[in-house]
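Summary of the model geometry
Chain by chain, the residues:
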Amino acid sequence: MNAFPHNSIVLDVVDSTNAWAKKNVSAFPFDMPTLITAREQTKGQGRFGASWISPKDQNLYFTLVERKISENLLLYVEAAALAIQTLLWDWQLPSLIKWPNDILVDNKKIAGILVEEFTSQEVTWVILGIGINVNMSPDELREIDRPATSMKASLGTQFKIETIKNSLQESLLSTLAWAKNNPALCHDRFEQSCSWIIGKEITVRTAPLAKVSGIVQGMTPEGFLQIKKSTGETVTVSSGFIV
Ligand code: BTN
């Protein structure tokens with residue numbers, strides 16, 4: 001018997017696995033997660049309206065959908081980030097989490113997470129999208145607007161996407177189950193993986209026209225970043241991206 005029962009959907013070409021999930025959510029089971037993958041995305045979505053470059057058969061485009069049971073959407077992000085780190089570590093690839101949603105290898109982005117909440121017919125769902133750069137070449141990676149790497153570019157090995165998908169599936173389903181039972185522990189581990197940024201001077205874009213700059217003090221128990229501005233004031237930032 002499968003330790004983590006789930007419903008699997010494999011698509012060929014799709015605009016975005018997250019968008020497809022939202023369109024089709026009424027057909028998904030209530031009592032187990034649905035895992036969607038696609039070979040290619042024509043409109044892959046990143047955070048804050050960015051696009052996610054998604055060439056055919058090169059990378060993993062993965063979305064988990066389930067009924068929202070935990071109040072805390074950030075728990076899904078934390079569990080997903082830790083699950084991706086476990087997957088990469090299985091291939092001896094050490095990584096860091098760049099708060100809140102980016103996974104870095106050699107200071108370059110290798111994976112991203114886009115979590116959304118979606119309500120349809122009075123049921124609220126979590127749509128957890130994960131993109132991992134698997135076999136993208138250095139030339140393709142240069143098209144991305146910030147430093148990026150792939151598992152192949154970092155390790156020199158070509159991977160079967162199916163293998164990475166199975167690893168992510170296993171690691172994500174077990175990490176999520178653990179995180180729901182141990183949210184404080186999950187948060188501690190996530191915070192540890194993000195802690196390299198403490199003491200660094202950063203700027204976080206919190207909205208298209210708003211940013212906060214200062215020195216990172218740490219994280220709150222909810223997973224928000226605490227930043228001390230040059231004025232001496234400490235502000236708490238709940239979401240955004242570090243520029
Ligand atoms: C980010 O770092 O900005 C988040 C990137 C998330 C990309 C994945 S790929 C699978 C899923 N479908 C999407 O359109 N986006 C997510």
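Quick note: structure is the one above.
Within each chain, residue numbers correspond to sequence positions counted from 1 in written order. In keeping with the model being predicted, local features are shown solely for residues with a pLDDT of at least 70 and side-chain atom pairs are shown and tallied solely at 80 or more, while totals for entire chains, interfaces and linings include all residues. Neither water nor hydrogens contribute to the side-chain values; these are computed over all heavy atoms in the structure.

1. Details of helix H1 (residues 17-24)
Quick note on the threshold: Per-residue accessibility, obtained with a 1.4 Å probe over protein chains only, is compared with the maximum for each type, and a residue is labelled buried under 20%, exposed over 50%, and partly exposed between these values. In this description a helix means any DSSP run of H or I spanning at least four residues, a strand means any run of E spanning at least two, and both kinds are numbered starting from the N terminus. Pairs of residues are marked as contacts when any of their non-hydrogen atoms sit within 4.5 Å. Two N or O atoms form a polar contact when they lie within 3.5 Å of each other; inside protein one atom must be a possible hydrogen donor and the other a possible acceptor, and for residues adjacent in sequence the pair counts only when both atoms belong to side chains.
Those residues of H1 lying buried are Thr17, Asn18, Ala19, Trp20 and Ala21. On its buried face, H1 sits against strand E1 (7-14), strand E2 (34-41), strand E3 (60-67), strand E6 (108-120) and strand E7 (123-132). The N-cap residue of H1 is Ser16: its side-chain oxygen and the backbone nitrogen of Asn18 are 3.2 Å apart.

2. Some details on the packing of aromatic side chains
Condition: Aromatic pairing here means that ring centres of Phe, Tyr or Trp (its six-membered ring) are within 6.5 Å. Orientation follows from the plane angle: under 30 degrees is stacked, over 60 is edge-to-face, and everything else is tilted. In our convention, an over-ring charge means Lys NZ or Arg CZ found within 6 Å of a ring centre and within 35 degrees of that ring's normal.
Tallied over the entire structure, the rule returns four aromatic pairs. Between Phe30 and Trp125, the ring centres sit 5.7 Å apart and the planes meet at 65 degrees, which makes this aromatic pair edge-to-face. With Phe30 in the loop between H1 and E2 and Trp125 in strand E7, this residue pair connects regions lying 95 residues apart in the sequence. Centre to centre, the rings of Phe48 and Phe241 are 5.5 Å apart; their planes meet at 50 degrees, and the pair counts as tilted. In this pair, Phe48 is assigned in the loop between E2 and E3 and Phe241 in strand E12 (residues 241-242), connecting sequence segments 193 residues apart. Residue classification places Phe48 among the partly exposed residues on the basis of a relative accessible area of 43%. Assessed through its relative accessible area of 25%, Phe241 is described here as partly exposed. Taking the ring centre of Phe30 as reference, the NZ or CZ of Arg67 above it sits at 4.4 Å.

3. Overview of the sheet that holds E1
Basically, it comes down to this: In this description, strands pair whenever DSSP reports at least two bridges between them. Each axis is a line fitted through C-alpha atoms, and for a helix only the stretch in contact is used; angles between axes span 0 to 180 degrees, taken between their N-to-C directions.
As summarised here, the arrangement of the seven strands in space is E1-E2-E3-E7-E6-E5-E4, forming an open sheet in which the pairing is mixed. With one partner strand each, in any of the chains shown, E1 and strand E4 (96-98) form the two edges of the open sheet. Strand-to-strand, the axes of this sheet are offset by a mean angle of 20 degrees, without reference to chain direction. Contacts from helix H2 (residues 73-90) reach E3, E4, strand E5 (102-105), E6 and E7, with the element oriented near 145 degrees to E6. Across the sheet, helix H5 (residues 161-181) is in contact with E1, E2, E3 and E7; its angle to E3 comes to roughly 30 degrees.

4. Considerations on the nonpolar core
The condition that has to hold: The definition of a nonpolar core used throughout is a set of buried Ala, Val, Leu, Ile, Met, Phe, Trp, Tyr and Cys residues joined through side-chain atoms within 4.5 Å.
Grouped together as the largest cluster of nonpolar side chains are 52 residues, with contacts concentrated most on Ile84, Leu88, Trp99, Ile132, Met151, Leu172 and Leu225. Top element by residues in this core is H2. It accounts for twelve residues. When neighbours within four sequence positions are excluded, Trp99 is seen to be in contact with Phe190, Cys194, Val204, Met219, Gly223, Leu225, Val237, Ser238, Ser239, Gly240 and Ile242. Within the second largest apolar cluster, 13 residues are counted, among which are Ile9, Phe28, Val123 and Trp125.

5. Notes on H5
Operational definition: By this rule the span expected of a helix is its residue count minus one, scaled by 1.5 Å.
With 21 residues, H5 should cover 30 Å at 1.5 Å per step; its first-to-last C-alpha distance of 30 Å lies within 8% of that length. Buried residues of H5: Ile164, Lys165, Ser167, Leu168, Gln169, Ser171, Leu172, Leu173, Thr175, Leu176 and Ala179, and no others.

6. Focus: the site of the ligand
Stated formally: If a single non-hydrogen atom of a residue is within 4 Å of a molecule or strand, that residue counts as near it. All accessibility values rest on the Shrake-Rupley procedure with a 1.4 Å probe; residue burial counts only the protein chains present in the view. Gly is put with the polar residues, along with every residue not named as nonpolar or charged; the nonpolar set is Ala, Val, Leu, Ile, Met, Phe, Trp, Tyr, Cys and Pro, and the charged set is Asp, Glu, Lys and Arg.
Taken together, 20 residues lie around the ligand, and Ser16, Gln41, Gln45, Arg47 and Lys109 are the ones closest in. Between the ligand and the protein, one listed contact pairs an oxygen atom with a backbone N or O atom of Gln45 at 2.7 Å. Arg47 places a main-chain nitrogen or oxygen 2.7 Å from an oxygen atom of the ligand. Starting from 410 Å² of accessible surface for the ligand in isolation, the protein chains cover 98%. Listing elements by their share of the shell around the ligand, those giving two or more residues are H1, E3, E6 and E7. By residue number, the principal contributor to the shell around the ligand is E6, which donates four residues. Here the shell around the ligand is built from residues that sort into six nonpolar, eleven polar and three charged.

7. Regarding the pairing of strand E9 (residues 210-219)
Where strand E8 (residues 201-207) and E9 come together, six bridges link them in antiparallel fashion. Its bridge partner being in E9, Ala207 is matched across the sheet by Ala210. Where E8 folds back on E9, the antiparallel hairpin that results is connected by two residues. Of the pairings in the sheet, the one linking E9 to strand E10 (residues 225-228) comprises four bridges and is antiparallel in character. Opposite Ile215, over in E10, you have Lys228 as the bridge partner. The hairpin formed by E9 and E10 contains five residues between the paired strands, and Gly223 there has a positive phi angle of roughly 95 degrees.

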